[in-house]
Amino acid sequence: MKKLIDVVQEAGKTCVAIGHFNIADLVILKGVFEAARELKVPVMVGASEGEREFAGTRQLAAVVRSVREEFDFPIFLNADHTHSLAKGLEAVKAGFDSVVFDLSTLPLEENARLTEQAVETFKSINPEVVVEGEIGDIGSGSEIHADGPTPDRTLTTPEEARQFVTETKVDVLAPAVGNSHGMRRGMVTGKERKHLALERIREIKSATCVPLTLHGGSGTADDDLKQAIHAGVNVIHINTELRLAWKQGLEAGLAKREDEVVPYKILPPAVAAVRNVVSARLRLFGEQNQL
Ligand code: G3H
Ligand code: ZN
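This is a predicted model, so every value here is computed, not measured. In every chain, residue numbers begin from 1 and rise along the written sequence. All chains are assigned letters beginning at A, and all ligands numbers beginning at 1, according to the order in which they are written. Totals for whole chains, interfaces and linings use every residue, but because this is a predicted model, local features are given only for residues with pLDDT of at least 70 and side-chain atom pairs only at 80 or more, for both listing and counting. No hydrogens and no water enter the side-chain calculation; it runs on all heavy atoms of the structure.

(A) Layout of the pairing of strand 10 (residues 233-238). Among the 6 residues of strand 10, 6 are classified as buried, and the element is accordingly described as predominantly covered. Two strands make a pair as long as DSSP finds a minimum of two bridges between them. The secondary structure listing takes helices from DSSP runs of H or I that are at least 4 residues long and strands from runs of E that are at least 2 residues long, numbered from the N terminus. The pairing of strand 9 (residues 212-214) with strand 10 spans 3 bridges and is parallel. Counterpart to Leu 214 in the pairing with strand 10 is Ile 236. With the strands aimed away from the viewer, a crossover counts as right-handed if its path from the first strand over the helix to the second runs clockwise. As a crossover connection, the stretch from strand 9 through helix 10 (residues 222-231) into strand 10 is right-handed. Burial classes follow relative accessibility: with a 1.4 Å probe on protein chains only, a residue under 20% of its type's maximum area counts as buried, one over 50% as exposed, and anything between as partly exposed.

(B) The packing of helix 6 (residues 108-125) against helix 7 (residues 158-168), seen in detail. Two elements in contact, helix 6 and helix 7, have axes whose closest approach is 8 Å; the angle formed by their N-to-C orientations is 35°. Helix 6 and helix 7 meet at a crossing whose hand is right-handed. On helix 7, the residues touching Leu 108, Glu 109, Asn 111, Ala 112, Thr 115, Glu 116 and Val 119 of helix 6 are Glu 160, Gln 163, Phe 164, Glu 167 and Thr 168. Residues are grouped as follows: Ala, Val, Leu, Ile, Met, Phe, Trp, Tyr, Cys and Pro are nonpolar; Asp, Glu, Lys and Arg are charged; all remaining types, including Gly, are polar. Here the residues of the contact of helix 6 with helix 7 are counted per class, giving 4 nonpolar, 4 polar and 4 charged. An axis is simply a line fitted to the C-alpha atoms; with a helix, the fit covers only the stretch in contact. Between two such axes, the angle follows the N-to-C directions and lies from 0 to 180 degrees. Handedness of a helix crossing follows the sense of rotation of the near helix relative to the far helix, less than a right angle counterclockwise being left-handed and clockwise being right-handed. Residue contacts are counted whenever heavy atoms from the two residues lie within 4.5 Å of one another.

(C) Quick look at the pattern of salt bridges. Here, a salt bridge means any side-chain nitrogen of Lys or Arg that lies within 4 Å of a carboxyl oxygen of Asp or Glu. Using the criterion set out here, one finds 16 salt bridges in the structure. One salt bridge in this structure joins Glu 34 and Arg 275, with 2.4 Å as the shortest N-O distance. On the criterion of sequence distance, the pair formed by Glu 34 in helix 2 (residues 26-39) and Arg 275 in helix 13 (residues 268-286) is long-range, its members being 241 residues apart. A relative accessible area of 26% places Arg 275 in the partly exposed class. With its nearest N and O atoms 2.8 Å apart, the salt bridge here joins Glu 241 to Arg 281. Here the residue Glu 241 occupies a position in helix 11 (residues 240-256), and Arg 281 occupies one in helix 13, the gap between them amounting to 40 residues. For the pair Glu 241 and Arg 281, one class covers both residues: buried. A single salt-bridge network, built from bridges that share partners, covers Lys 30, Glu 34 and Arg 275.

(D) Region of the structure containing the environment of Asp 224. Inspection of the secondary structure puts Asp 224 in helix 10. Here Asp 224 falls in the buried class, since its relative accessible area comes to 10%. It is 25 Å that separates the C-alpha atoms of Asp 224 and Glu 38, two residues lying 186 residues apart in sequence. Among residues more than four places away in sequence, those in contact with Asp 224 are Lys 194, His 195, Leu 196 and Leu 198.

(E) Structural detail: the coordination of the zinc ion (ligand 2). Protein coordination at the zinc ion (ligand 2) comes from His 81 (NE2), His 181 (NE2) and His 215 (ND1), with a distance range of 2.0 to 2.1 Å. Shown as donors are all N, O and S atoms within 2.8 Å of a metal ion, widened to 3.2 Å for Na, K and Ca; because water is not in the atom set, sites may appear incomplete. Within one chain, the residues serving as donors to the zinc ion (ligand 2) are arranged as H-x99-H-x33-H. Taken as a pair, His 181 in the loop between strand 7 (172-174) and strand 8 (183-184) and His 215 in the loop between strand 9 and helix 10 lie far apart in primary sequence, 34 residues in all.

(F) View of helix 9 (residues 198-208). Among the residues of helix 9, Leu 198, Ile 201, Ile 204, Ala 207 and Thr 208 are the ones counted as buried. Buried-residue contacts for helix 9 involve helix 7, strand 7, strand 9, helix 10 and strand 10. A positive phi of about 55° marks Cys 209, the residue just after helix 9.

(G) Highlighting the side chain of Ser 104. With respect to the helices and strands, Ser 104 occurs in the loop between strand 4 (98-101) and helix 6. Judged by relative accessible area, which is 18%, Ser 104 ranks as buried. Under the rule applied, a polar contact is a pair of N or O atoms within 3.5 Å (in protein, one hydrogen donor and one hydrogen acceptor; residues adjacent in sequence only if both atoms are side-chain atoms). Separated by 2.6 Å, the side chains of Ser 104 and Asp 102 make a polar contact. Discounting residues that sit within four places of it in the chain, Ser 104 has contacts with Asn 111, Glu 134, Ile 135 and Gly 136.

(H) Expanded view of the side chain of Thr 220. Structurally, Thr 220 can be placed in the loop between strand 9 and helix 10. With residues near it in sequence (within four places) discarded, Thr 220 still touches Arg 193, Lys 194, Leu 196, Leu 225 and Arg 281.

(I) Spatial organisation of a negative patch on the surface. The grouping of Glu 109, Glu 116, Glu 120 and Glu 167 at the surface amounts to a negative patch. With respect to the element layout, Glu 167 can be found in helix 7. Grouping into patches uses exposed residues only, defined as over 30% relative accessible area, and leaves out salt-bridged ones; the cut-off is 9 Å for like charges and 5 Å for nonpolar side chains (Val, Leu, Ile, Met, Phe, Trp, Tyr). Note on areas: these come from Shrake-Rupley sampling with a 1.4 Å probe, and a residue is covered only by the protein chains present in the view. Only four residue types enter the charge count, namely Lys and Arg as positive and Asp and Glu as negative; His and the chain termini do not. Where a charge lies is defined by one atom per residue type, namely NZ (Lys), CZ (Arg), CG (Asp) and CD (Glu).

The structure is reproduced here in structure tokens:
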């Protein structure tokens, strides 16, 4: 089985991106895995601190490992948006393949100092664990946000990115390049789409030469995502779109028959709804990524 860092770097060479999808339960994991398996592309599943709290850190690691082993399939598990060394350590010790160490709300210097320590600490436990650092403001909350004026967010500069990567030795960088977490109501109906600062992605890539992750992928215009991959993005995170599909699928499953109580009869539409979203995103990120 290839290592995650090799899979991410190879994606960069072939101009495709690895899809990263957040999971909070077995329904979403099943939908993600079925889509990736059908398309035969490697995939990352991630769990934020909240998702880990709900599903169990060690339990998620055990389930994802069992899927990887049983199907001999490159599915990797990421500790998404980890805000403390303790939470990161818990995930690394449980066997997660990567950690997004996110101190992006701190001043850059402090973020860099603490991220450098985290990289050293995590790798002292598992030298193969992939550590991603995050800089800049991309908002919070993989949820539906009210419409209104677009928040004015500052983009990461190439110089900040270079300095941060050099000081911390992170394997992967997540910059602020016009992306943001969550979807506004207009994005749910398709009236509005997110757009990315493509030139800035190019500049950050050439300043850092490390794999780049794009967070906040939900609701982003397809063409912007394609161009972002060509500009140097190697991993794309999608969460809100899955949560929306999961809820709509669940509602459809519940609406089928009023007195149905059997979970495995109610839940298949939720699995299918998640699988459809993941499948469309993976096709866009690059079917040439095939195993
Ligand atoms: O880390 C998770 C993501 O960045 C997902 O963002 O909810 O906008 O897709 P999203
Ligand atoms: Zn994110």
